Every structure is written in structure tokens, then in C-alpha cells.
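Residue-level structure breakdown
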Amino acid sequence: MRKIDIIVADDEKIIRIDKYLVEKEEDLSRSRIQQLLQDKLIFVNDKAVKANYKVKPSDHIRAEFDNEIETEAKPEKMDLDIRYEDSDVIVINKPKGIVVHPAVGNLTGTLVNGLLYHCKDLSGINGVLRPGIVHRIDKDTTGLLIVAKNDKAHVELSKQLQDKTVNRLYYALVHGVIEHDFGTIDAPIGRDVNDRQKMAVTATNSKDARTHFKVIERFKNYTLVECRLETGRTHQIRVHMQYIGHPVAGDEKYSYRKTMQTNGQLLHAHQLTFVHPTTHEKITVEAELPKQFQDILEELRNEQR
């Protein structure tokens, strides 16, 4: 584990924090520091800051993070479930257990490794470890992920995500029976102050987050819901469903200790709609529920018969 703990001296010049840390932490590249800032892992006076924050005398800068050695992701042959592809965009149906991009402990066997073997031409905006990645889904979340093959497509798709014009629909099996047919969870999400590995609904260093849900099917002790993301915060659906007392089944991080044994949360990105960055055509891609998810739903239906 790597730590940064600096108090800015009175005679130091006022500059951006990313430039300041490049000078102070010679073994960390600027791209690595900027990623840490983007991930809200660098704090000034106990508040997460952005890369354009200008350090001031007496500022207390601290961080604690995995000491990742930046390297270039290598192509690996991999079976990819491709649901859409052209010269600008590729949409993958990601299986459970696959990490999206390389990081500490997962430098190989990630979706990016497989994409580099298949495409050989991904956007370089996110650096050598996250080429083409416009948005992410968790390791144990299944379903659709859009990837940009060039920088132009990446910029356009990122803008659509920022403008909230990409429509992302998920299926989630959650604990308990939700009585309302529809609902909106409007609650800000930030890093959990008690556990830096988790996110939480909090007013501290948080961003607005909205999830719209619709009940699809009710069971004796569970509910199948369709969730539409208006924003795209880390672990958003998992955190929001926990917040309203209906955590996602199988979620080892945010659900009950005695939850359904599924090797990860029953959360699936089943539909993705976006405007093509070149043709401007509206494109909708779908992916059916994985077999394990379908089998569990059938078991729950049988219990009620």
C-alpha cells in the first residue's frame, strides 16, 4: 500500500495539485496522479479534490492507494460476446467474473486484454490501461458495455453519458418485496467515510445520483426490478437499493451477510441505447439474462406454485 502525506510549505508556489505531486512524488506519472484524483483518492484538508485544485501554504495532502505499476495492457485471445460492432463502436455482453480493465492484481485476463486482441484499434483517451473504455460495470455485474474504437467516438460517447442521453437499463433481483410499482431514488453517492473500498449515500464529498426503478416481478422474499440509470456513479444501483432497504441479492459488499449464494450480485445490464457518434442514428442493443440469473428466477417461481 502506497501513502502520500504532505503539508505544503509556506514558501511553495501556488500550482495545480497534479503538477505539484508530479514534482514531489517522482515515481508516480502524471497520468497515474490524475487517475487517483479522478477516483477521489487524493485528499486536501480531508476533502477529495480535482486535478485543477491549486495547492496553498499549509494544505495537508494525503492519499492511500495500491502501488500500481503502470504498464501497457497486452492483447490476449478471448471469446467475446459481441452484440454490436462497426468502425467506431463495439458493444460487449460481459460475463460475470471478468474485470473490465487491468489494475493491481488483474493485469491480465481483463476485457481490455481481449478487446485489444480483437480490435487492435481502441481509443487512447483513457491511457494504456483503459483504452476505449467509456464507462465501466463491476466485475460480477453482467451485461452490456460500450467501447470506443477511436478518440472521436470516445469524446462523443462520453458527452452523451455526461448529458444523460445514453439510456442504460439493468435487471436486478433484490431482497424483500417492493410494494410500489415504480420509484425514483434521488440520493447523493460518495466514498464511504468508514470504509474506503465502499460507496455510500452521503452528503460528504458526494455527487448527485438518481436511479429510476420499475417492478417486473414479485416473489415471496424477493423482487425483480428494472433500473434505469440517470447518473452513473460507482456501484450506484447496488448502493441505492441498499439505501431503500432492498439490497441486490448475492451482493457480498452491500447486501446481508446471509445472502443468496451466487458468486456475486444478481445485476445485469440488459439494454443500452445511444446515438452513433458518426451516423447519429439511435442504436439500441440488448442482452438476455445469463443462465444462472434465469435459473434462480425459475426456482423462485416454482416456490410460489
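Our structure's up above, just so we're on the same page.
In this report, we go over the structure that sits alongside the text. As the structure is a computational prediction, the values presented were derived from the model and not from experiment.

This part covers the overall build of the protein. Looking only at helices and strands, the protein has 6 helices and 16 strands in total. By the compact-globule yardstick of 19 Å for 305 residues, the protein fits well, its C-alpha radius of gyration being 21 Å. Sorting the 305 residues of the protein into buried and exposed places 48% on the buried side. The long-range share in the protein, meaning contacts at least 24 apart out of those at least 6 apart in sequence, stands at 65%. Between the centroid of the 46 positive side chains of the protein and the centroid of its 47 negative side chains there is a distance of 2 Å.

With that settled, consider the pairing of strand β5 (residues 82-85). By the bridge criterion, 3 bridges tie β5 to strand β6 (residues 89-94) in an arrangement that is antiparallel. Bridging from a neighbouring strand, Tyr 84 pairs with Val 91 of β6.

Empty space within the second largest pocket amounts to approximately 160 Å³. Surrounding the second largest pocket, 15 residues form its lining, Asp 81, Ile 92, Asn 93, Lys 94 and Pro 95 being those nearest its centre. Broken down by secondary-structure element, the contributors of at least two residues to the lining of the second largest pocket are β6 and β7 (142-148). Counting residues per element, the lining of the second largest pocket draws most heavily on β6, at 3 residues.

Further remarks concern the pattern of salt bridges. Counted according to the given criterion, the structure contains 18 salt bridges. The salt bridge partner of Glu 12 is Lys 24, with a shortest N-O separation of 3.0 Å. With Glu 12 in the loop between β1 (2-7) and α1 (17-24) and Lys 24 in helix α1, this residue pair connects regions lying 12 residues apart in the sequence. Glu 12 gets classed as buried once you look at its relative accessible area, which sits at 19%. Given the relative accessible area of 40%, Lys 24 is considered partly exposed. One salt bridge connects Arg 16 with Asp 18, and the closest N-O pair in it is separated by 2.9 Å. For Arg 16, a relative accessible area of 27% translates into the label partly exposed. Each of Asp 186, Asp 208, Arg 210, Glu 230 and Arg 233 takes part in salt bridges that share partners, so that together they form one network.

Take the environment of Gln 38 next. Inspection of the secondary structure assignment puts Gln 38 in helix α2 (residues 30-38). Through-space distance from the C-alpha of Gln 38 to that of Ile 296 is 37 Å; in sequence the pair is 258 residues apart.

Pairing in this open sheet of 3 strands is antiparallel, and the strands run β11-β10-β12 from one edge to the other. With partners counted over all chains shown, the strands left at the sheet margins are β11 (199-201) and β12 (206-207), one partner each. With 3 bridges joining them, strand β10 (residues 189-191) and β11 adopt antiparallel strand pairing. Of the residues in β11, the one forming a bridge with Arg 191 is Met 199. Each of β10 and β11 is contacted by helix α5 (residues 236-243), which is oriented at about 45 degrees to β11, the strand it contacts most.

Rules used throughout
- Residues numbered from 1 in each chain as written.
- Predicted model: local features only at pLDDT ≥ 70, side-chain atom pairs only at ≥ 80, totals over all residues.
- Heavy atoms only, no water.
- Helix = DSSP H or I, 4+ residues; strand = E, 2+ residues; numbered from the N terminus.
- Rg over C-alpha atoms; globule rule 2.2 N^0.38 Å.
- Buried < 20%, exposed > 50% of the residue type's maximum accessible area, 1.4 Å probe, protein only.
- Contact = heavy atoms within 4.5 Å.
- Lys, Arg positive; Asp, Glu negative; His and termini not counted.
- Charge placed at Lys NZ, Arg CZ, Asp CG, Glu CD.
- Pairing = 2+ DSSP bridges.
- 1 Å grid on protein atoms, 1.4 Å probe; cavity = no way out; pocket = protein on both sides within 12 Å on 5 of 7 lines; lining within 4 Å.
- Points joined across faces, edges and corners; volume = space filled by probe spheres on them.
- Salt bridge = Lys/Arg side-chain N within 4 Å of Asp/Glu carboxyl O.
- Axes fitted to C-alpha atoms, helices over the stretch in contact; angles between N-to-C directions.

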